[in-house]
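In case you want the letters, here they are:
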There are 2 protein chains.
Amino acid sequence: MSGKKVTFSDIADYTHFSKTTISRYFNNPEYLTPENRKIIEDALKALNYQENKIGRILAKGETELIGIIMPSMYMPYYSDVFQSILNQYTDFGYKFIVLSGDSNKRREENYIRELLSYNIEGLIILSHTLPSSELAALGVPVVTIEREDRFISSVNTDNLMGGIQAASLLYQNQCDAYFFIDIPVCPETPGYNRLVGFQTICRDKKLPNELYIQELGKGIENNYRGIGRIIDAIEMRHSDQKVGIFCANDTFAVLVEKYYFQRYRIIGRHYCLVGYDNSSIATEAIVPFSSVGQQTDVIARETMEILIGQIKKRRKDPECRLPVEHKVVTPILKRRDTSLPELY
Amino acid sequence: MSGKKVTFSDIADYTHFSKTTISRYFNNPEYLTPENRKIIEDALKALNYQENKIGRILAKGETELIGIIMPSMYMPYYSDVFQSILNQYTDFGYKFIVLSGDSNKRREENYIRELLSYNIEGLIILSHTLPSSELAALGVPVVTIEREDRFISSVNTDNLMGGIQAASLLYQNQCDAYFFIDIPVCPETPGYNRLVGFQTICRDKKLPNELYIQELGKGIENNYRGIGRIIDAIEMRHSDQKVGIFCANDTFAVLVEKYYFQRYRIIGRHYCLVGYDNSSIATEAIVPFSSVGQQTDVIARETMEILIGQIKKRRKDPECRLPVEHKVVTPILKRRDTSLPELY
DNA sequence: TTGTAAGCGTTATCAA
DNA sequence: TTGATAACGCTTACAA
């Protein structure tokens with residue numbers, strides 16, 4: 001609308017107070033008399049003052065900005081978590097500057113430099129590109145989510161528990177043979193424990209089991225082909241048995257279901273399927289399958305709590321060492337009955 | 001690592017240049033002799049200088065910040081577009097502050113105020129909450145994506161074309177009766193034209209058709225029930241015909257497929273299905289279905305081009321009126337053969 | 001309760 | 001090619 005922006009000086013001139021008093025109106029209104037408060041309030045409206053945080057940031061050094069580095073969001077899990085993080089604005093008031101990583105180390109280091117140049121007060125990392133050792137050296141509070149976190153604070157789902165829940169469910173369904181499907185994951189990644197949990201149950205209960213850990217290629221089509229090869233391998237030797245399959249994510253699980261149908265015309269019997277993440281696709285699938293759900297809202301909240309805690313510490317003492325805190329969030333197994341409903 | 005942050009003053013002291021010269025090193029290095037440039041370069045390393053954009057912003061008024069207001073991302077389309085927008089950082093260098101709206105008008109107005117207080121240079125709106133009249137009055141460049149855009153610049157998919165493509169595909173498949181399924185959408189929304197396109201073809205070709213425009217409730221379960229009622233209604237009168245169904249999004253489409261199977265044990269024949277958005281679920285479905293794909297990368301790029309164009313204009317002349325530009329992006333129909341493959 | 005003046009880290013203007 | 005100085009919009013001692 002108007003030309004130049006209205007500043008504290010303008011309001012000061014208009015009201016015949018000083019800039020300081022205007023500042024106090026916002027930061028320590030209790031020092032002002034009600035009458036003077038009213039005068040300033042009216043002036044703000046009359047002049048249509050718009051808050052400008054840049055000056056404040058320069059003076060106070062507090063940006064209320066948090067940086068986020070996302071991996072590519074092709075897995076719905078990531079956009080679920082991201083959505084949950086954004087929702088935290090309501091409770092914490094911090095704003096998020098978001099960059100999307102692309103597995104290029106140099107580039108993500110630049111992202112971080114760029115974010116730091118805006119004086120972000122904290123950093124949330126979902127991308128897997130940079131090692132935690134490097135993140136720990138940044139000097140700002142950092143929390144990672146569901147990734148390697150040796151030297152830095154983190155929030156992870158209890159993947160071991162998740163694997164145990166999944167395998168137990170298969171066991172309850174009295175499968176004859178048990179299978180775990182995933183792409184290769186390095187043991188430092190929390191998700192690795194899905195496998196460990198699965199193995200734990202298999203060992204305890206002495207269940208015949210096999211791991212199918214292999215690259216499946218990029219894109220759904222390639223994944224589908226890879227899954228197909230695995231299912232063929234399984235069916236080759238277990239066609240007369242009830243097989244229990246635990247997939248490390250729902251996308252793989254839905255592809256298992258799809259392949260069973262496309263290739264073998266089998267739907268919702270013969271095999272028992274458990275996915276991971278409980279994303280919408282587990283419900284939308286033609287026969288909904290069970291899935292280990294991650295509590296993304298809890299994850300987001302814990303992340304912010306660690307981060308804000310460290311930020312407050314830093315505001316008090318900018319030199320202080322940041323503690324390394326690890327939070328673990330319990331997964332929630334969503335059971336779905338995969339037996340087909342009768343036609344009515 | 002260290003205590004206080006290194007500033008231009010520190011570098012000036014260290015090198016015995018003035019702050020001005022240090023600033024020039026970054027902004028107009030050609031004014032410096034190569035030797036002096038080298039000296040400063042070394043000093044930067046020696047002191048481990050970290051860029052600080054806050055000072056620069058205060059002095060220049062250019063934040064290189066763009067605000068985004070997202071709707072809740074439960075439809076994968078939104079996270080696809082969002083991902084594409086984030087990718088634009090590489091080409092444009094602008095950073096994004098992201099807030100997630102929740103259909104609360106007051107609250108979203110506060111979001112915008114908050115964003116403006118950070119001196120964002122532009123705004124991208126995907127949320128549907130605020131009318132374009134209000135957005136147009138903000139004074140910053142604003143581009144909306146796929147929503148009501150009467151008074152403001154926007155980028156939309158050619159929904160009319162999308163509807164035409166979908167209906168034409170059904171027609172090519174020689175359906176006997178044609179159906180459109182969506183929730184009620186106000187005619188100002190670009191998506192409304194999906195229906196118009198569908199109707200256009202039906203009228204042209206004189207195809208028997210019906211519109212099922214009704215609330216389906218919140219959440220997949222409710223949607224599923226609603227879709228079920230619609231399919232039952234259709235089957236009641238068309239069970240012996242080949243029905244062609246165009247769903248306004250892929251989620252509805254997959255639920256149609258699911259319901260046909262669960263209730264009627266029909267898969268991939270009898271009906272012909274087209275979705276919208278070509279999201280991953282259209283591929284993952286047990287029988288993949290055709291879908292009108294939105295070119296989210298093109299949408300994101302066009303959005304940024306309009307926005308950056310207006311931002312540049314504003315930098316030259318902060319008083320200038322902002323033009324209202326509308327870009328339309330062609331949808332791309334992804335055909336998928338829904339006939340079942342033979343068992344081999 | 002209010003004001004003065006210095007400061008936050010950069011850039012812009014002008015002069016040298 | 002370089003530097004002194006003011007300016008950007010706000011906060012914060014300190015003084016009154």
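1. Description of the pairing of strand β10 (residues 290-293) of chain B
Residues and elements named next belong to chain B.
Then, number 1: Every second residue of β10 is oriented toward a common face, with S290 and V292 on one face and S291 and G293 on the other, all of them buried.
Then, number 2: As paired elements, strand β9 (residues 271-277) and β10 share four bridges and run parallel to each other. Paired with V274 across the strands is S290, a residue of β10.
Then, number 3: The sheet contact formed by β10 and strand β12 (residues 332-334) spans three bridges and is antiparallel. If you follow S291 over to β12, its bridge partner there is K334.

2. A short note on the protein's contact with DNA strand D
Then, number 1: Around DNA strand D lies a shell of 25 residues, among which T7, S23, G55 and A59 of chain A together with T21 of chain B are the nearest.
Then, number 2: Class assignment for the residues of the surface near DNA strand D results in nine nonpolar, eleven polar and five charged.

3. Focus on the domain arrangement of chain A
Then, number 1: Under the domain assignment, chain A is made up of domain 1 (8-51), domain 2 (65-157 + 296-329) and domain 3 (159-294 + 333-343).
Then, number 2: Taking only C-alpha atoms, the centre of domain 1 of chain A and the centre of domain 3 of chain A are 63 Å apart.

4. Let's talk about the protein's contact with DNA strand C
Then, number 1: Taken together, the neighbourhood of DNA strand C is formed by 27 residues, with T20 of chain A together with S23, N52, G55 and A59 of chain B sitting nearest.
Then, number 2: For the surface near DNA strand C, the elements supplying multiple residues, two or more each, are α2 (19-27) and α4 (53-60) of chain A together with α1 (8-15), α2 (19-27) and α4 (53-60) of chain B.
Then, number 3: When the residues that make up the surface near DNA strand C are grouped by side-chain class, the tally is nine nonpolar, twelve polar and six charged.

5. Let's talk about the sheet that holds strand β3 (residues 122-125) of chain B
Then, number 1: The sheet built from twelve strands is open, its strands ordered β11(A)-β5(A)-β4(A)-β3(A)-β1(A)-β2(A)-β2(B)-β1(B)-β3(B)-β4(B)-β5(B)-β11(B) with mixed pairing. Sheet topology places β11 (326-329) of chain A together with β11 (326-329) of chain B at the edges, where each strand pairs with a single neighbour. Sheet twist, expressed as the mean angle between neighbouring strand axes with direction ignored, is 20 degrees.
Then, number 2: Alignment of strand β1 (residues 65-70) of chain A against strand β3 (residues 122-125) of chain A, held across four bridges, turns out to be parallel. The residue of β3 of chain A that forms the bridge with G67 of chain A is L123 of chain A.

Analysis parameters
Residues numbered from 1 in each chain as written. Chains lettered and ligands numbered in written order. Predicted model: local features only at pLDDT ≥ 70, side-chain atom pairs only at ≥ 80, totals over all residues. Buried ≥ 20, exposed ≤ 12 C-beta atoms within 10 Å, placed from the backbone. Helix = DSSP H or I, 4+ residues; strand = E, 2+ residues; numbered from the N terminus. Pairing = 2+ DSSP bridges. Near = placed C-beta within 6 Å. Nonpolar A, V, L, I, M, F, W, Y, C, P; charged D, E, K, R; others polar. Domains from an automatic or database assignment. Axes fitted to C-alpha atoms, helices over the stretch in contact; angles between N-to-C directions.

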